[in-house]
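# Tertiary structure, described
Listed below are the residues making up each chain.
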Protein chains: 4
Amino acid sequence: MAPSLTEKCRELAVSAMKDGISQAALEVLKQYGYEGLTMDRVAEVAGIAKGSLYHYFRNKQELVTYLFEQTIEPAIQAGEEIFQRVVPAVEKLEAMVRMWFDYFSQHRALFDFLFRDPAVRELCLTSRRSKNGLAIDRFSAILRQGISEGVFRPLDVTYAAEMIIGSLQFVIERQLETGEAHPIEVSVRRLMDIVLHGIGASSASAESPSAIGQRCEAPQVEGKTGESSEPSQVAAE
Amino acid sequence: MAPSLTEKCRELAVSAMKDGISQAALEVLKQYGYEGLTMDRVAEVAGIAKGSLYHYFRNKQELVTYLFEQTIEPAIQAGEEIFQRVVPAVEKLEAMVRMWFDYFSQHRALFDFLFRDPAVRELCLTSRRSKNGLAIDRFSAILRQGISEGVFRPLDVTYAAEMIIGSLQFVIERQLETGEAHPIEVSVRRLMDIVLHGIGASSASAESPSAIGQRCEAPQVEGKTGESSEPSQVAAE
Amino acid sequence: MAPSLTEKCRELAVSAMKDGISQAALEVLKQYGYEGLTMDRVAEVAGIAKGSLYHYFRNKQELVTYLFEQTIEPAIQAGEEIFQRVVPAVEKLEAMVRMWFDYFSQHRALFDFLFRDPAVRELCLTSRRSKNGLAIDRFSAILRQGISEGVFRPLDVTYAAEMIIGSLQFVIERQLETGEAHPIEVSVRRLMDIVLHGIGASSASAESPSAIGQRCEAPQVEGKTGESSEPSQVAAE
Amino acid sequence: MAPSLTEKCRELAVSAMKDGISQAALEVLKQYGYEGLTMDRVAEVAGIAKGSLYHYFRNKQELVTYLFEQTIEPAIQAGEEIFQRVVPAVEKLEAMVRMWFDYFSQHRALFDFLFRDPAVRELCLTSRRSKNGLAIDRFSAILRQGISEGVFRPLDVTYAAEMIIGSLQFVIERQLETGEAHPIEVSVRRLMDIVLHGIGASSASAESPSAIGQRCEAPQVEGKTGESSEPSQVAAE
DNA sequence: CATGAATGAGTGTTCATTCAT
DNA sequence: CATGAATGAACACTCATTCAT
């Protein structure tokens, strides 16, 4: 017999509760950080009794895992969608980068710990690793496509994928940390520029002839305490 | 009155104790992970009474912060030393990258949590931020130097620095995670290659023959001809 | 009005449910032990909702009590049947012993906690006491019969009954504990032998004259740690 | 170096605390039963913080085990002492029975659960089994001695020992349950009488010839002649 | 009646921190 | 100063019981 109406209804309700609880957990996470993510608080924020949490999640780990899966899923899907497009590799890469910029920016508090916290890492190991691996896979595949298209140099695609993802994450992290939020488009363009052409002046030699002649200058320590980050944009685009 | 001899002695003793304790903490950290870093264990490993810890550190946070400072200091110093060298930017950059590769590889267990754990992050926020900032500052300065030398394109040095550091961290993290450890030299070369020339095929061979003869280039670590010749594995695994 | 047919039907249904539930409880008990006897599990095994349990039993205690009554009832009945027989006391006694041996052996998991667990004891106090008392009563009566028959010595029948029951229980318990299961007939015969004739050599003096003369030997501690129980059967059958 | 004075003092203090706590646990046990034996209550009764319990016992199990060992130890010792005496087996047996009567009577609340509770049984399994086994061993040895002395019939000493212990325990239990406390001496004498001579009238046949004619006796397990001469106290009230 | 989600007091256990010695 | 016993607020998790549907 097919699942009765009642059953379907219940299933829906359960799903809704799980989502509600995981949202509450996310809330707690944002507010108190991982160490402050206690079942009590989750229950309180969710507006239910502590014991009720255990109707929906066998234990804390399951809740955290669920939250993780839930949150990362849309990005995974979006990534897949981009990956499936029939467009040049560069375009795909840029779309991917943009998507992750978007996504990371919006879910910072979450990724901040979901991607980084070793404790959670332990918890979600399988899941996380596969997801992280998936991202690398997708980027790798795009790079491979680009290589066959002749627009990317032949190189170790996995390594390059890792570098791109690392750049992406760190840049976003920094932006969120320092609070200065450039428009995403600017960030995407900058990143793509460097990823594609590197920082070397090889092709740009014509662009900055003025620099010629400067040899091996001594470092100019600007008495910075290390915190503040002066404007420092030399040129950008 | 100037600090008496006794005072100086005491100060020294205190410093020694703090170091000993933080080393004990590091030991515990390596063995039990962050969640297992309890004051009891630290005291035990340090061979002193638990209460005594609180003579040297007001609380756990302070101890962790101190440990962080202590551990990252050598890298900071090494970075400073590299930074101060009077050598071309590319060489500096490569030295810096190599140093961090080394350092990260060796202190994985530590950084795994010192750099990543949001809990610790919370604790060491100020410190960490400044250190992270310092790293970015140094990389930025090197990039700036390279730009004036004409070997780097003019670009947002902070942004580029962040990308490089992000790449660095993520690549190392992945290597540690997957267990496959390429020789550091290989990693360094690969990273430098992509950082310098990007992944695009455009600037690679045909487009920038003009780049030949580039001044102040990074010391070609190995038999690399100016011709961007990296064997560079395609397809990876 | 006399109890309507509907009422009777309902009563029957209720009774059936109670039995089903108590059987489920017994199942849980066997599988998980007393500490694992939760209402959830009972409901699950019984195939009904947890809430429904409370329609048939006011609380857990009532359920356990019911289970106790239910389980011991057959033994009680069997005991009554034996008691009613018109046969010599010795035969009755032996039948009784055999019945309890059988019963205990089969319901070990149950009695293990029904008879022994003080928690349950608390719960079933009245019931248990009466049942225990009933057993004692029956044994006592048999003893009394035996005394008038002249086959038993005149003695405090209650006291003797208690001793017999105690022996019975402990012997069975030990067998179940150590795992070695003698055939019930052997156990019954041995027990009856000692119960009837005691351990004294009074009548056996003629049988082991060789032993005479040995007086007050020093104890022979065989360096046993106390766990292992060597065969040690001196004679038995 | 020998343990310093400080160390010895500390050790003593720790021991005292452990005893105090286990006494508190015993108190709780008596008052609330095993299910009510919570660490909170123990702490409260002991007049210390709950956390402090864990300085002295790693967990609840360890506390319960300690309590068990502590409580049973004196009886074990007393049993050993009796066992070592150089006296006839019957005397030993009686002393043993008396000792256990005494001991059980005094520590009823404890044994009630230490010996019987399956939950605790699980906990103290090794310990308990060995202790129980020890008791059986000692009784067995005494019986064996008696057999060589010629005062006991040759029989399975383990089995007989179990029966005696079972009788002992049950009789005491009943007394404590019903509240009627006969003087211990009476109990001891009665038990010894039945243990030694059994309940059968075999030896008393001469004394109560009127009983002759009623046969249908149980099958005489061994080749005992109807004769047999035991005086066999009638007693009973 | 049957249901099962909701409850919340309670369980054993941990650990940063304090303080009398 | 050094000590380590004492603390008590947390923690994750359980489960008998209730009650709206």
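Residues numbered from 1 in each chain as written. Chains lettered and ligands numbered in written order. Predicted model: local features only at pLDDT ≥ 70, side-chain atom pairs only at ≥ 80, totals over all residues. Heavy atoms only, no water.

### What to know about the overall build of chain A
Going by this rule: Here a strand is any run of E in DSSP of at least two residues, a helix any run of H or I of at least four, and the numbering for each starts at the N terminus. Buried residues are those whose accessible area, probed at 1.4 Å on protein chains only, stays under 20% of the maximum for their type, while exposed residues exceed 50% and partly exposed ones sit between those limits. In what follows, residue pairs with any heavy atoms lying within 4.5 Å of each other are defined as contacts.
When its secondary structure is counted, chain A shows 10 helices and 0 strands. In chain A, the order of α-helices and β-strands from amino to carboxyl end is α-α-α-α-α-α-α-α-α-α. Here chain A, with 237 residues, has 48% of them falling under the buried criterion. The contacts in chain A between residues at least 6 apart in sequence include a share of 65% that link residues at least 24 apart.

### Notes on the side chain of R138 of chain C
All names here are of chain C. Worth spelling out the cut-off: For the purposes of these results, a polar contact is taken to be a pair of N or O atoms within 3.5 Å, where, inside protein, one atom must be able to donate a hydrogen and its partner to accept one; residues adjacent in sequence count only when each atom of the pair is a side-chain atom.
On the secondary structure map, R138 appears in helix α8 (residues 125-149). Within the structure, the side chain of R138 is placed 2.4 Å from the side chain of E80, a separation counted as a polar contact. Ignoring sequence-local partners within four residues, the contact set of R138 consists of E80, F83 and M96.

### So, helix α4 (residues 60-84) of chain D
Heads up, the condition is: To estimate the expected span of a helix, subtract one from its residue number and multiply by 1.5 Å. A residue's bend is given by the angle between axes fitted to the 7 residues ending at it and the 7 residues starting at it.
For α4 of chain D, spanning 25 residues, the distance from its first C-alpha to its last is 36 Å, which sits close to the expected 36 Å at 1.5 Å a residue. Within α4 of chain D, the axis deviates most sharply at E73 of chain D, by approximately 35°, and proline P74 of chain D lies no more than four positions further along.

### Here we look at the protein's contact with DNA strand F
The test is simple: Each residue is tested against the molecule or strand, and it is near if at least one of its non-hydrogen atoms lies within 4 Å.
Around DNA strand F, the surrounding shell holds 32 residues, and the nearest of these are K50 and K60 of chain A, K50 of chain C together with H55 and Y56 of chain D. At the protein interface, 62% of the atoms of DNA strand F within 4 Å belong to sugar or phosphate. G51 of chain B is positioned with one of its backbone polar atoms (N or O) 3.1 Å from a base nitrogen of DNA strand F. Those elements that place two or more of their residues in the surface near DNA strand F are α3 (50-56) of chain A, α3 (50-56) of chain B, α3 (50-56) of chain C together with α3 (50-56) of chain D.

### Some details on the environment of I194 of chain B
The residue I194 of chain B is located in helix α10 (residues 184-197) in this model. Judged by relative accessible area, I194 of chain B falls into the buried class, the value being 9%. Apart from residues no more than four positions distant in its own chain, I194 of chain B is found in contact with R153, L155, A160, M163 and G198 of chain A together with I199 of chain B.

### Some thoughts on the protein's contact with DNA strand E
Our working rule: Three classes are used, and their members are as follows: Ala, Val, Leu, Ile, Met, Phe, Trp, Tyr, Cys and Pro are nonpolar, Asp, Glu, Lys and Arg are charged, and the others, Gly among them, are polar.
Contacts to DNA strand E come from 32 residues, most closely from Y56 of chain A, M39 and K50 of chain B together with K50 and K60 of chain D. Close to the protein, within 4 Å, the atoms of DNA strand E are drawn from sugar and phosphate at a rate of 62%. Contributions of two or more residues to the surface near DNA strand E are made by α3 of chain A, α3 of chain B, α3 of chain C together with α3 of chain D. Residue composition of the surface near DNA strand E, by class: 12 nonpolar, 12 polar and 8 charged.

### Side note on the packing of aromatic side chains
All names here are of chain B. As a reminder of what qualifies: Centre distance within 6.5 Å is the pairing criterion for rings of Phe, Tyr and Trp, where only the six-membered ring of Trp is used; planes under 30 degrees apart are then read as stacked, over 60 as edge-to-face, and the remainder as tilted.
Enumeration over the complete set of coordinates arrives at 7 aromatic pairs over all chains. Note on W100 and Y103: the rings are 6.4 Å apart at their centroids and 85° apart in plane angle, and the pair reads as edge-to-face. On the criterion of helical spacing, the pair formed by W100 and Y103 is a turn pair, its members being 3 residues apart in helix α5 (residues 89-106). You'll find W100 and Y103 in the same group, each marked buried.

### Focus: the environment of I136 of chain B
Residues and elements named next belong to chain B. Turning to its location among the elements, I136 is positioned in helix α8 (residues 125-149). Owing to a relative accessible area of 0%, I136 belongs among the buried residues under this scheme. Between the alpha carbons of I136 and M163 there is a distance of 9.6 Å; along the sequence they are 27 residues apart.

### Here's the deal with helix α10 (residues 184-197) of chain A
Because an α-helix packs 3.6 residues into every turn, residues spaced three or four apart end up facing the same way. Helix length check: α10 of chain A (14 residues) gives 20 Å between terminal C-alpha atoms against 20 Å at 1.5 Å per residue, within 8%. Every buried residue of α10 of chain A is accounted for by S187, V188, R190, L191, M192, I194, V195 and L196 of chain A.

### So, the nonpolar core
In plain terms, the rule: For our purposes a nonpolar core is just a set of buried Ala, Val, Leu, Ile, Met, Phe, Trp, Tyr and Cys residues, chained together by side-chain atoms within 4.5 Å.
The biggest cluster of nonpolar side chains holds 82 residues, and the ones touching the most others in it are F139 and I199 of chain A together with W100, F139, F152 and I199 of chain B. Not counting chain neighbours up to four residues away, the residues in contact with W100 of chain B comprise A75, S105, A135, F139, L168 and I172 of chain B. Counting residues in hydrophobic clusters, the runner-up holds 81 residues, among them A160 of chain C together with M163, V188 and I199 of chain D.

### A look at the packing of α5 of chain B against α10 of chain B
All names here are of chain B. Quick note on the threshold: Orientation is described by axes fitted as lines to C-alpha atoms, over the contacting stretch for helices, and by angles from 0 to 180 degrees between their N-to-C directions. Every angle not falling under 35 degrees, over 145, or within 65 to 115 is termed oblique; those three ranges are roughly parallel, roughly antiparallel and roughly perpendicular. By definition, any crossing whose near helix is turned counterclockwise from its far helix by less than a right angle is left-handed, and any crossing with a clockwise turn is right-handed.
Taken N-terminus to C-terminus, the directions of α5 and α10 make an angle of 135°; their axes are 10 Å apart at the nearest point. Regarding the angle of α5 to α10, the classification is oblique. Like other packed secondary-structure pairs, α5 and α10 cross with a definite hand, here right-handed. Contacts from V90, L93, E94, V97, R98, F101, D102 and S105 of α5 reach α10 at I184, E185, S187, V188, L191, M192, V195 and L196.

### Structural notes on the confidence of the model for chain A
Residues and elements named next belong to chain A. Our working rule: Each residue carries a pLDDT value, the predictor's own confidence for that position, ranging from 0 to 100.
Per-residue confidence for chain A gives a mean pLDDT of 77; residues scoring 70 or more make up 71%. Low pLDDT, under 50, characterises residues 204-215; the stretch is placed with 15 contacts to residues that sit more than four places away or in other chains. Overall, residues 220-237 carries pLDDT values under 50, and its contacts beyond four positions in sequence, including any with other chains, amount to 38 contacts.

### Side note on the pattern of salt bridges
The line we're drawing: When a carboxyl oxygen of Asp or Glu lies within 4 Å of a side-chain nitrogen of Lys or Arg, that pair is called a salt bridge.
Counting across every chain of the model gives 34 salt bridges over all chains. E80 of chain A is paired through a salt bridge with R138 of chain A; the nearest N and O atoms lie 2.5 Å apart. Highlighted residues: E80 of chain A in helix α4 (residues 60-84) and R138 of chain A in helix α8 (residues 125-149), separated in sequence by 58 residues. Residues E81 of chain D and R85 of chain D are paired through a salt bridge, measuring 3.1 Å at the closest nitrogen-oxygen approach. Judged by relative accessible area, E81 of chain D falls into the partly exposed class, the value being 42%. Judged by relative accessible area, R85 of chain D falls into the partly exposed class, the value being 34%.

### Quick word on the environment of D40 of chain C
Residue and element names in this part refer to chain C. Mapping D40 onto the fold places it in helix α2 (residues 39-46). Since its relative accessible area comes to 46%, D40 is described here as partly exposed. Separated by 11 residues in sequence, D40 and G51 place their C-alpha atoms 9.3 Å apart. Only 3.2 Å separates the side chain of D40 from the side chain of K50, close enough to count as a polar contact.

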